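In case you want the letters, here they are:
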Amino acid sequence: MSPNPPLATESWSDGRWPMIGRHGAFEQSVTALTSARTAVVVLSGSAGVGKTRLASEIMQHLETEGWQASRIVASAGLAAVPLAALLPLAGSVRLDLGRLATDSTELMAFAEGLAARRRDSGPLLVVVDDLPQLDSLSVAVLAQLATSGSITMLATVRDGEPLPEPIVALWTSDRALRIALDPLTVDDIDALLPIVLGDTVSRHAVVALHAASGGNPLFLRELVAHSLTAGTLARQHGSWQLRGTPGGSAALGELIASRLAELAPAQREVMERLAACQSIPISHLTEAPLRAALGELEQQQLVQLRLEGGRYLATIAHPQYALAMVARVATLRRVDLLVDHVERAEASPEREADAVRIATWRLDAGAPGDAALLGDAARLALLTEDFELVDRLASAAQQSGTVDTELLLIHADAQIKLGRVDDALATLTRARALDTDDPVDQHRTARILTMTTTALITHSGRFDEALALLEGAPERLPEASRRLRQARARILVGLERPREALAELEAITDSATPAEQAELDVNRSVPFVALGRIEQALGTTERALAAARLADSSIPLRVAYLMRAVTLAQACRLDEARAFAADALAEAIVLDDELRSRQAEFTLAAVYLAMGKLETAARWLKDVISGATSRGPVGYEPLGRGMLARVRAQQGLIDEARELLAGISPALVEDDSLLLLGRAWVEAVGGDAPSARAQLEARTRQRMESGDIDFASILGLDLARLGDPHTAATLLESMQDDADSPVLRLRARTARAMANDAELDLTTAADDWERHGYLLHAAETLALAADAARRAGRPREAASLGARARTLAERTEGASTLPLQFGSASEPLTAREREIATLAARGTASNEIAALLFLSPRTVNNHLQSAYTKLGVRRRAELASALGLSDYAVTGADSSTM
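Residues numbered from 1 in each chain as written. Predicted model: local features only at pLDDT ≥ 70, side-chain atom pairs only at ≥ 80, totals over all residues. Heavy atoms only, no water.

Focus on the overall build of the protein
Okay, so step 1: Broken down by element type, the protein carries 48 helices and 11 strands.
Okay, so step 2: In terms of overall dimensions, the protein has C-alpha extents of about 100 × 95 × 45 Å along its principal axes.
Okay, so step 3: Across the 898 residues that make up the protein, the buried fraction comes to 53%.
Okay, so step 4: Long-range contacts, defined as pairs at least 24 residues apart, comprise 65% of the intrachain contacts of the protein with a sequence gap of at least 6.
Okay, so step 5: For the protein, the computed accessible surface area is about 37700 Å², with 52% contributed by carbon and sulfur atoms.
Okay, so step 6: If you average the places of the 92 positive and of the 118 negative side-chain charges in the protein, the two averages end up 4 Å apart. (Helix = DSSP H or I, 4+ residues; strand = E, 2+ residues; numbered from the N terminus. Buried < 20%, exposed > 50% of the residue type's maximum accessible area, 1.4 Å probe, protein only. Contact = heavy atoms within 4.5 Å. Areas by Shrake-Rupley, 256 points an atom, 1.4 Å probe, with all protein chains shown as cover. Lys, Arg positive; Asp, Glu negative; His and termini not counted. Charge placed at Lys NZ, Arg CZ, Asp CG, Glu CD.)

Considerations on the sheet that holds strand 11 (residues 311–316)
The strands that make up a sheet are held in pairs by hydrogen bonds between backbone atoms, and each pair lies either parallel or antiparallel.
Okay, so step 1: An order of 9-11-10 is seen for the 3 strands of this open sheet, with the pairing classed as antiparallel. The open sheet has two edge strands with one neighbour each: strand 9 (279–281) and strand 10 (303–308). If you compare each strand with its neighbour and ignore which way they point, the axes differ by 30° on average.
Okay, so step 2: For strand 9 and strand 11, the ladder comprises 3 bridges, and the chain directions are antiparallel. Residue Ser-279 lies in a different strand from strand 11, and its bridge partner there is Thr-315. (Pairing = 2+ DSSP bridges. Axes fitted to C-alpha atoms, helices over the stretch in contact; angles between N-to-C directions.)

A closer look at the packing of helix 40 (residues 742–756) against helix 41 (residues 759–772)
Okay, so step 1: As a packed pair, helix 40 and helix 41 sit with axes 9 Å apart at the nearest point and diverge in direction by 150°. Relative to helix 41, helix 40 is oriented roughly antiparallel. The interaxial crossing formed by helix 40 with helix 41 has left-handed handedness. Contacts between helix 40 and helix 41 pair Val-743, Leu-746, Arg-747, Arg-749, Thr-750, Ala-753 and Met-754 from the former with Asp-761, Leu-762, Thr-764, Ala-765, Asp-768, Trp-769 and His-772 from the latter.
Okay, so step 2: Each residue belonging to the contact of helix 40 with helix 41 can be placed in one class, and the counts come to 7 nonpolar, 3 polar and 4 charged. (Parallel < 35°, antiparallel > 145°, perpendicular 65-115°, else oblique. Left-handed = near helix turned anticlockwise from the far one by under 90°. Nonpolar A, V, L, I, M, F, W, Y, C, P; charged D, E, K, R; others polar.)

A few points about the nonpolar core
Okay, so step 1: Leu-484 and Met-735 are the most contacted members of the largest nonpolar core, which has 144 residues in total.
Okay, so step 2: In contact with Met-735, other than residues within four places in its own chain, are Thr-700, Met-704, Ile-709, Ala-712, Ser-713 and Leu-744.
Okay, so step 3: Membership of the second largest hydrophobic core comes to 52 residues, among which are Ile-20, Ala-205, Cys-277 and Trp-361. (Core = buried A, V, L, I, M, F, W, Y, C linked by side-chain atoms within 4.5 Å.)

With respect to the packing of aromatic side chains
Okay, so step 1: Within this structure, the stated rule accounts for 3 aromatic pairs.
Okay, so step 2: Here Arg-619 stacks its cationic end above the ring of Trp-620, 4.2 Å away from the centre of that ring. (Phe/Tyr/Trp six-rings, centres within 6.5 Å; stacked < 30°, edge-to-face > 60°. Lys NZ or Arg CZ within 6 Å of the ring centre and 35° of its normal.)

Side note on the environment of Thr-540
Okay, so step 1: Note on placement: Thr-540 falls in helix 28 (residues 534–548).
Okay, so step 2: According to the relative accessible area criterion, Thr-540 is buried, its value standing at 2%.
Okay, so step 3: Residues Thr-540 and Val-522 lie 18 residues apart in sequence; the distance between their C-alpha atoms is 6.7 Å.
Okay, so step 4: Among residues more than four places away in sequence, those in contact with Thr-540 are Asp-521, Arg-524, Ser-525 and Phe-528.
Okay, so step 5: Of the polar contacts made by the side chain of Thr-540, one reaches the backbone oxygen of Ala-537; its length is 2.9 Å. (Polar contact = N/O pair within 3.5 Å; in protein donor to acceptor, adjacent residues only side chain to side chain.)

Thoughts on helix 2 (residues 51–64)
Okay, so step 1: Helix length check: helix 2, at 14 residues, gives a terminal C-alpha distance of 20 Å against a target of 20 Å (1.5 Å per residue), a fit within 8%.
Okay, so step 2: Every buried residue of helix 2 is accounted for by Lys-51, Leu-54, Ala-55, Glu-57, Ile-58, Met-59 and Leu-62.
Okay, so step 3: After helix 2 finishes, the residue Gly-66 shows a positive phi value of roughly 100°. (Expected span 1.5 Å × (residues − 1).)

Let's talk about the pattern of salt bridges
Okay, so step 1: Counted according to the given criterion, the structure contains 61 salt bridges.
Okay, so step 2: Residue Arg-71 is joined to Asp-129 by a salt bridge in which the shortest nitrogen-to-oxygen separation is 3.1 Å. Taken as a pair, Arg-71 in strand 2 (residues 68–73) and Asp-129 in strand 3 (residues 124–129) lie far apart in primary sequence, 58 residues in all.
Okay, so step 3: The class of Arg-71 is partly exposed, set by a relative accessible area of 26%.
Okay, so step 4: Through salt bridges with shared partners, one network takes in Asp-187, Asp-190, Arg-203, Arg-619 and Asp-623. (Salt bridge = Lys/Arg side-chain N within 4 Å of Asp/Glu carboxyl O.)

A word on the sheet that holds strand 6 (residues 200–201)
Okay, so step 1: Reading across from one edge, 6-8-7 is the order of the 3 strands in this open sheet, with mixed pairing throughout. Each edge of the open sheet carries a strand with a single partner, namely strand 6 and strand 7 (233–236).
Okay, so step 2: Sheet analysis places strand 7 next to strand 8 (residues 239–242), joined by 4 bridges and oriented antiparallel. Its bridge partner lying in strand 8, Arg-235 is registered against Trp-240.
Okay, so step 3: Of the strands in this sheet, strand 6 and strand 8 touch helix 10 (residues 203–213), which is tilted by about 45° from strand 8.
Okay, so step 4: Running over the sheet, helix 32 (residues 614–630) touches strand 6, strand 7 and strand 8 and is turned about 40° from strand 8.

Looking at unusual backbone geometry
Okay, so step 1: Residue Pro-633 is bonded to the preceding Gly-632 through a cis peptide linkage, with omega at -10°.
Okay, so step 2: Structurally, Pro-633 is set in the loop between helix 32 and helix 33 (636–650).
Okay, so step 3: Non-glycine residue His-237 carries a positive phi angle of around 55°.
Okay, so step 4: Here His-237 shows up in the loop between strand 7 and strand 8.
Okay, so step 5: A positive phi angle, near 75°, is found at Gln-278, a position not held by glycine.
Okay, so step 6: Note that Gln-278 resides in the loop between helix 13 (265–277) and strand 9.

Focus: the pairing of strand 8
When a strand is regular, its side chains alternate between the sheet's two faces.
Okay, so step 1: In strand 8, alternate side chains face the same way, and those of Ser-239 and Gln-241 on one face and Trp-240 and Leu-242 on the other are all buried.
Okay, so step 2: Of the pairings in the sheet, the one linking strand 6 to strand 8 comprises 2 bridges and is parallel in character. Paired with Val-201 across the two strands is Trp-240, which belongs to strand 8.
Okay, so step 3: The hairpin turn running from strand 7 into strand 8, its antiparallel successor, is 2 residues long, and His-237 in that turn takes a positive phi close to 55°.

Quick notes on the pairing of strand 11
Okay, so step 1: With 5 of its 6 residues buried, strand 11 lies for the most part within the structure.
Okay, so step 2: Both strand 10 and strand 11 contribute to a ladder of 6 bridges, which runs antiparallel. The residue bridging Gln-304 from the neighbouring strand is Thr-315, located in strand 11.
Okay, so step 3: In this antiparallel pair of consecutive strands, strand 10 and strand 11, the connection spans 2 residues, and Gly-309 shows a positive phi of 65°.

Given below as structure tokens:
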């Protein structure tokens, strides 16, 4: 279940979006309003954050609890007529508003009389929307009624607006509560959008919509509606993907325009400058009126000041306000503002710190200037990992007529990160040509080669071509052999040859700087995992992670996170692995690093598949497929398809699994063990288990020979799961000699227990799987243990183990694998017998069961007797254990009888 399910009081069928992320505020409000102490609850927040919606939900809930409710929507027009807001509270009593407004004695008498009438009518909730807009007399009367306990008030207030004095007085007497509504988080939106759109939504789209909306529910709804209409938010391969920057609807534009229209001239000028420049060091705004306006805009939460590099930068606080201001600034005015700020920055003593900003402003103004300046700015932008900006600046520098190898390398690096691998390969071809004509040093030549191999293997798995490119390179370029050998090792791992990869890395014997050692640790971790040497992998990833967290590290933190996640997963630490993979994805999305985004999504899918959370794994695989298709790198699309086909086969969705597999080249399936495993599952579930087992056995032996013990053990266990535990056990046990992988040992134990049909060993293995969080493996192994107990003539144990298996299987999000189907044969009871036995185990008497199920007591007792016989028990007190209902214990006189 989502941590933020829709509120129970709301109706999704009426066209309103579900309310998510407000449960804490809802419960806090209801608790306060129903207490005798609280007179007023105020919901505060920015416009569109959901104050009115939450107030409506609270009012609706209290009405179902017997409260009466009245709503006042305050406005400037209503405030012009004092006390008009109170007409709904007066009921049939006629009011002389003019007299009440001018005679305080009459006003207080009216309030007291209204309070007296209300005391006998039950609790009354008065909801006031936009409380500061209410006239002062109405506020005074409501405050008096709330103080006397005649009403309880729930009000909404926009951030930055002062509360009326009578309400502040209630604060000082500790009878008022203010609840601030924060914007929705990324996780809130991740839970909300699939409900709204009816299918999974890519994390990239969720993060982009959160950034564009600022977590404001109103803005989010308008952005989604506009993106759907424009076709920029579209379903691809079962997952909603967003192309480009989400734009707002006309309605959202009108809402923002109404607020911007209230700006004073100096405030508008500051907003225009920020819209043109995106961010401005406040030291550049020297004019007193502009600095005063900047302070006012910060107080109004239209502008945000943040400390960066020891100085404050000003930006427009909300992305949609920034877009609206950009649209309102004429082109010529925008150019003039950009040129003005270029001049201010160049005249500043902080000019060097603003090199990227100056180059960007020049570019946006249509006067990019010196190519060398653009190139320098691109290099600086790469240090901040702003890959889109690197692409812009490097392209502009090349168009200005200056092309050098270093600039091309910077550009290609950014293009690879952005998933534009074809463009990167073209850029690297130009770099190689320049380097051939004018070689500078071996390190630059090596960088061109290694970056090209990265592009080749991420484009469409062109590992052989990449390896050929580096053939003999360490010997030709000995000064750069460290870099070249590590690149070769990465390729060898991709070619399923980890033993050779590790040998390549061990050939690096020269002394290393801390940064070089950290890079080597990252590259060694993958072959260590593949070889089943988990303790060494844990050590290398721990050191790499520590190095990546240093301020001057050359290792991106997301890379260290990913390596740590992969290693922890093989150490049976799945929750930690999931957390690191999620952190890697979050950073990759923010930086537009599409390569690492796909890797993180794929890692999350693998972790959830290990956990047995099949539908959650499918969600991440849909992200891999649709993300690779729409943003790249395309090489991840078949990998996502192959693993998703395996998931769907394990769910029994054979048609969808076959369709997914049909989209992959058969030759690619043969070359990649991950894809072959997916095909084996599809064939086995589709009825050709012998062919599937033959493929798995052959590929398991092949991966063992190459040293890839980790994946060989995955293949081996799946060989057992698909019906050949004897061969699998022999293979898995032979893998353990040089490996210390805990998951490998558990796979071997499980296969041997399956081969021996050993109930106790199966149960022990299942306990270990469950303890480590592998729900599907635990459920399967328990089901097989139940089947073994049944064949051994132990019906009670079989029933108990079967019940445990079913309980775990229910948490696997639709699993329907062969071991679970085998284990279902151990269920000795009919559906009616299990229903009656379960009720009896929970302490329900036979007569009560008969009444509940519309049966005679005799029929109930006959079914119970049959259940006793099949389960091998004699008393009701033994039923709970036999049925796997350990949380229940039968007590009382009925516990020993039918």
